[in-house]
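If you want the building blocks of each chain, they are given just below.
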Amino acid sequence: VDYSKGYLVKEIKPDVYIITDGAYQSMFVTTGQGVILFDAPPSFAQHIKQAVAEVTKEPIQKLIYSHAHVDHIAGAEFLKDIPNLEIISEKGVADFLKEMNDPRRPVPTKAFVNETEIKFGTVEIQLKKTEYHSNEGDLFIYLPKKKVLMAIDSLAPGYVPFMNFDLTTNMHEYLKMFDELLAYDFDVLVTG
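Every chain is numbered on its own, with residues counted from 1 as its sequence reads. Totals for whole chains, interfaces and linings use all residues, but because this is a predicted model, local features are given only for residues with pLDDT of at least 70 and pairs of side-chain atoms are given and counted only at 80 or more. Heavy atoms from the whole structure form the basis of all side-chain values; hydrogens and water molecules are not counted.

A.B. asks: Quick one: what's the story with empty space enclosed by the protein, residue by residue and with numbers?
C.D. replies: The pocket and cavity definitions rest on a 1 Å grid over protein atoms only: a 1.4 Å probe that fits but cannot leave marks a cavity, an open set with protein on both sides within 12 Å along at least five of seven lines marks a pocket, and residues lining either have an atom within 4 Å of a point. Grid points are joined across faces, edges and corners, and a volume is the space filled by probe spheres set on the points. The tally for this structure, following the rule as stated, stands at 1 cavity of 30 Å³ or more. Of the pockets and cavities examined, the largest cavity occupies roughly 30 Å³. Forming the boundary of the largest cavity are Thr122, Val123, Glu124, Leu143, Lys145 and Lys146. Ten residues, namely Ala, Val, Leu, Ile, Met, Phe, Trp, Tyr, Cys and Pro, are considered nonpolar, four, namely Asp, Glu, Lys and Arg, are considered charged, and the remaining ones, Gly among them, are considered polar. Each residue belonging to the lining of the largest cavity can be placed in one class, and the counts come to 2 nonpolar, 1 polar and 3 charged.

A.B. asks: Any details on the environment of Leu189? Residues and values, ideally.
C.D. replies: We count a stretch as a helix when DSSP gives it H or I for four or more residues in a row; a strand needs E for two or more, and each element gets its number in order from the N terminus. Of note, Leu189 is situated in strand 12 (residues 188–190). Whether two residues are in contact is decided by their heavy atoms, any of which lying within 4.5 Å being enough. Residues in contact with Leu189, not counting those within four places in the same chain, are Leu149, Ala151 and Leu181.

A.B. asks: Tell me about helix 4 (residues 171–182), and name the residues and values.
C.D. replies: Note that an α-helix has 3.6 residues per turn; residues three or four places apart therefore point the same way. In this scheme, a residue with accessible area under 20% of its type's maximum is buried, one over 50% is exposed, and one in between is partly exposed, where area comes from a 1.4 Å probe on protein chains only. For helix 4, the full list of buried residues reads Glu173, Tyr174, Met177 and Leu181. The buried residues of helix 4 occupy one face: seen down the axis, they fall within an arc of 100°. When the buried face of helix 4 is taken as reference, the exposed residues oriented beyond 90 degrees from it are His172, Leu175, Asp179 and Leu182. Tucked inside the fold, the buried residues of helix 4 contact strand 10 (138–143), strand 11 (148–150) and strand 12. Throughout, the arc means the angular range of directions from the helix axis out to the C-beta atoms.

A.B. asks: So, unusual backbone geometry: which residues are in play, and what are the values?
C.D. replies: Although it is not a glycine, Asn101 adopts a positive phi angle of roughly 50°. Within the secondary structure layout, Asn101 lies in the loop between helix 3 (91–100) and strand 7 (110–112). Positive phi values are uncommon outside glycine, yet Lys147 reaches one of about 60°. Turning to its location among the elements, Lys147 is positioned in the loop between strand 10 and strand 11. For Lys147, a relative accessible area of 29% translates into the label partly exposed.

A.B. asks: I'd like a description of a nonpolar patch on the surface, backed by residues and values.
C.D. replies: A patch consists of residues whose relative accessible area exceeds 30% and which take part in no salt bridge; residues with like charges are grouped when within 9 Å of each other, and nonpolar side chains (Val, Leu, Ile, Met, Phe, Trp, Tyr) when within 5 Å. Using a 1.4 Å probe, the Shrake-Rupley method yields the accessible areas, and only the shown protein chains count as cover for residues. In what follows, salt bridge is the name for a side-chain nitrogen of Lys or Arg lying within 4 Å of a carboxyl oxygen of Asp or Glu. Judged by side-chain polarity, Val1, Tyr3 and Leu8 come together as a nonpolar surface patch covering roughly 300 Å² of accessible area. Topologically, Tyr3 is positioned in the segment before strand 1 (8–13).

A.B. asks: An account of the packing of aromatic side chains is requested, with residue identities and associated values reported.
C.D. replies: Classification of ring pairs rests on two measures: the distance between centres of Phe, Tyr or Trp rings, Trp counted by its six-membered ring, which must be within 6.5 Å, and the angle between planes, read as stacked under 30 degrees, edge-to-face over 60 and tilted in between. One pass over the full model with this rule turns up 5 aromatic pairs. Plain terms: the ring middles of Tyr142 and Tyr184 are 4.8 Å apart, the flat faces sit at 65° to each other, and that makes the pair edge-to-face. Here Tyr142 is found in strand 10, whereas its partner Tyr184 is found in the loop between helix 4 and strand 12, with 42 residues between them in sequence. Just as Tyr142 is buried, Tyr184 falls in that class too. Judged by centre distance (5.3 Å) and plane angle (85°), the rings of Tyr174 and Phe178 are edge-to-face. A residue pair is termed a helical-turn pair when its members lie 3 or 4 positions apart in one helix, as Tyr174 and Phe178 do in helix 4 at 4 residues. Taking the relative accessible area as the measure of exposure, Tyr174 reaches 0% and is therefore buried. Three or more aromatic residues joined by ring pairs form one cluster here, namely Tyr132, Phe140, Tyr142 and Tyr184.

A.B. asks: Give me the lowdown on the sheet that holds strand 12, citing residues and values where you can.
C.D. replies: Each pair of strands is called paired provided DSSP finds at least two bridges between the two strands. Pairing is mixed across the open sheet formed by 5 strands, whose spatial order is 8-9-10-11-12. Looking along the sheet, the strands with just one partner apiece sit at the ends: strand 8 (115–120) and strand 12. For this sheet, the mean inter-axis angle between neighbouring strands, taken without regard to orientation, is 15°. As judged from the 5 bridges shared by strand 9 (residues 123–130) and strand 10, these two strands associate in the antiparallel manner. Residue pairing across strands places Lys129 opposite Leu139, the latter belonging to strand 10. Working convention: axes come from line fits to C-alpha atoms, limited for helices to the stretch in contact. Angles between N-to-C directions cover 0 to 180 degrees. Against the sheet, helix 4 makes contact with strand 9, strand 10, strand 11 and strand 12, and its axis sits at roughly 15° relative to strand 10, the strand it touches most.

A.B. asks: Residue-level account of the nonpolar core, with values.
C.D. replies: One finds Ile19, Phe28, Ile48, Ile60, Leu63 and Leu79 to be the most contacted residues of the largest nonpolar core, which totals 25 residues. When residues of this core are traced back to their parent elements, those giving at least two are strand 2 (16–20), strand 4 (35–38), helix 1 (48–55), strand 5 (60–64) and helix 3. The element that contributes the greatest number of residues to this core is helix 1, accounting for 3 residues. Apart from residues no more than four positions distant in its own chain, Ile60 is found in contact with Val35, Leu37, Ile48, Lys49, Val52, Ile82 and Leu85. Core analysis: the next-biggest nonpolar cluster, separate from the first, contains 22 residues, Val29, Ile118, Phe120 and Leu143 among them. Residues grouped as a nonpolar core are buried Ala, Val, Leu, Ile, Met, Phe, Trp, Tyr and Cys residues, joined through side-chain atoms within 4.5 Å.

Here is the structure:
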């Protein structure tokens, strides 16, 4: 991470990138029709548009929330000025955010129940609700053609696997989550 910039953007697979400040991660994919962004951590959110612009001229079209926790999506406030930004989440997360009325976490413009597929440009994304960490649910975000799986707050560097298991609300589901992850065909796992 270039600390004078405040972030690092790195291609992890063709057209798939992570942004990190050394602690938190976000991911985005270019599609030929626009960028799909996954999460907007507030710790580096003011740099997300710049990080995306470093690697593509495609505009950010969609933002997908992995779960409702502030430390992963409250940077969405820095993206509010993007015209027609579609924000997507699972329905439980959307309902929770509507109730919270937090301007840092805009309410999703599109919600789905349990699982969905998104086909946009050259990219196919599978979103599946799981319940290993947050009360409202967590997403497995899978790009099958790229063999990339994103499961935020599943593992954290320096924690084995989490010091005091962080905010994990369901230990049974958390332990089961590892077998669920391994059922996917992936080369890259982004754990947040």
